[in-house]
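Geometric and topological summary
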Amino acid sequence: MITKTAPLTENETIVALASASGRAGVAVVRVSGPRAASVFSTLCRPVLLPAPRRAALRDIIDPTTQELIDHALVLWFPMPHSFTGEDVVELHLHGGRAIVEATLEALCRLEGFAVAGAGAFSRRAFDNGKMDLTQAEGIADLVDAETAAQRRQALRQMEGALGLLYYGWAESLTQSLAYIEAEIDFAEEDIPADLTQGRLNLLSDVIAAMEAHLADNHRGERLREGLTVAILGAPNAGKSSLLNALARREAAIVSPIAGTTRDVIEVAIDIGGYPVCLIDTAGLRESADEIESEGVRRALSRAQQADLKILLFDGNEAQPFDAATMALADGDALIVVNKADARARQDASLSPCGRGSKILALQGNALDFAGEGLCQEKIEKNSSPLLISTKTGEGLDVLLVKIQEAIESRFQASASPALTRQRHRLAVEESLSLLRRAAAACEPELVAESLRLAVRALGRITGRVDVEDLLDIIFSSFCVGK
């Protein structure tokens, strides 16, 4: 077992499994640091240094016992042309646990070698100027990505799109600061009007760009964390059955007894490449049962927090649209009527909608409930009610399309890269506040100081200034081997 886990120093060569742990076809052990090249003379036979960035076949030998550990492909990445900016060696081993463990043990017995902690390789890459903090965070997001949309966003950030945006703003602000410094240094001189106007124009352009960047409905953060879609409705409307149908597994208990679901049930699914947390909730009704009442309270709370609501109604009821559920109808709701297989078709008009499924737009007195009458705008402000059957599967493909369309509308393509973390948002908001203060200031010295602080706030996002207190927190969230 590996026991050498003392705190690392800058001169220590670090070692870790860079691929997933556990049994696999291939396992990659990564080595980075000043003594990385010594791996070839101590563990490899023959001991010849391979050509840079070209795979070579070597026997991996335990230097203590001279026992053969494995036949492996080895790669050599001399500094500075490596991921970390240091000398790097990669050993591509057969992925058995015993092979990986023996190799790591042999490496960590070497003088100056130690086990890498979470994010240690990426931290060294950052320290050596191979990437900024936004790119490092993009790597972490790419490793964690579970859907195509998350992968695309993470790749864009890892490639530097977000950092370039902030560098561009910082450069413009620095240029504007140069203009104001000229006004201060040559206060007794006649400053050309176009110089002052140029400073004002640059400042105005950056303020407008930051305002647009922040007004993104948190699309980047929401894509990282996943959207929530809550299924709400009266007891026995089929909410748990719909959750199971969309998740394609028995995630929730289904029973003909009304009130079976009393707590929130969450299932993570992929819809059109977007991460979705699908939520089943307790049936909406008044109840003397304390536990059921708490379930209803939680259901209403999740409805307020959800990005999208599916309002599910029991199509087997003469008046399906109950007041408690319809009260939640708004622009973030899809109105769905379940149990299409049991509802009389003569009360509705059918229209085809893709893949042979049907959308059913309810008419006449079906729009009334509890003798009070349903406000027509509740239906009009949402799409026409969808008729589905969780029993036969009718309409579920159309519902999935509608859910995907609703999600995609929240992630409209933008030329500007998205904010992906709260720390980015807070720093941009701070910088924007300082720029507004600069724009309103009368004294050039106050303008200059606000501009300096605004540039520093942007620098904290990319990690170029005043971020030592953030680095351990950021890189500790990485997986080992990165």
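Residues numbered from 1 in each chain as written. Predicted model: local features only at pLDDT ≥ 70, side-chain atom pairs only at ≥ 80, totals over all residues. Heavy atoms only, no water.

1. What about the packing of aromatic side chains?
- Under the defined criterion, the tally for this structure stands at three aromatic pairs.
- Both rings, one in F40 and one in W76, keep their centres 6.0 Å apart while their planes meet at 90 degrees; by these two values the pair is edge-to-face. Linking F40 in helix α1 (residues 38-42) with W76 in strand β5 (residues 68-77), this pair joins segments that are 36 residues apart in sequence.
- By relative accessible area, which is 1% here, F40 ends up buried.
- Residue class for W76 comes out buried when judged on its relative accessible area of 7%.
- When the ring centre of F83 is taken as reference, the NZ or CZ atom of R30 above it lies at 5.3 Å. (Phe/Tyr/Trp six-rings, centres within 6.5 Å; stacked < 30°, edge-to-face > 60°. Helix = DSSP H or I, 4+ residues; strand = E, 2+ residues; numbered from the N terminus. Buried < 20%, exposed > 50% of the residue type's maximum accessible area, 1.4 Å probe, protein only. Lys NZ or Arg CZ within 6 Å of the ring centre and 35° of its normal.)

2. Regarding the sheet that holds strand β15 (residues 386-387)
- Pairing within the open sheet is mixed, and its six strands lie in the order β9-β10-β8-β11-β12-β15. Strands at the two margins of the open sheet, each flanked by one partner only, are β9 (265-271) and β15.
- Bridging between strand β8 (residues 227-233) and strand β10 (residues 274-280) involves five bridges; their strand directions are parallel. Its bridge partner being in β10, A230 is matched across the sheet by I279. (Pairing = 2+ DSSP bridges.)

3. Quick word on helix α13 (residues 396-409)
- Helix length check: α13 (14 residues) gives 20 Å between terminal C-alpha atoms against 20 Å at 1.5 Å per residue, within 8%.
- L396, D397, V398, L399, I403, A406 and I407 are the residues of α13 that are buried. (Expected span 1.5 Å × (residues − 1).)

4. Focus on the side chain of D322
- With respect to the secondary-structure elements, D322 resides in the loop between β11 (308-314) and α11 (323-326).
- Buried within the structure, D322 lacks any salt-bridge partner; its nearest side chain of opposite charge belongs to K239, at an N-O separation of 8.6 Å.
- Within polar-contact distance, the side chain of D322 engages the side chain of T325 at 2.7 Å. (Lys, Arg positive; Asp, Glu negative; His and termini not counted. Salt bridge = Lys/Arg side-chain N within 4 Å of Asp/Glu carboxyl O. Polar contact = N/O pair within 3.5 Å; in protein donor to acceptor, adjacent residues only side chain to side chain.)

5. With respect to the pattern of salt bridges
- For the structure on display, the rule yields 16 salt bridges.
- For D62, the salt bridge is made with R109, and the minimal N-O distance between the two is 2.7 Å. A residue pair is termed long-range when its members are at least 10 positions apart, and D62 in the loop between β4 (56-61) and β5 and R109 in the loop between α2 (97-108) and β7 (113-115) qualify at 47 residues.
- The class of R109 is partly exposed, set by a relative accessible area of 44%.
- Here D330 makes a salt bridge to K309, at a shortest N to O gap of 3.0 Å. With D330 in the loop between α11 and β12 (333-338) and K309 in strand β11, this residue pair connects regions lying 21 residues apart in the sequence.
- Relative accessible area serves as the criterion here: at 25%, D330 is assigned to the partly exposed category.

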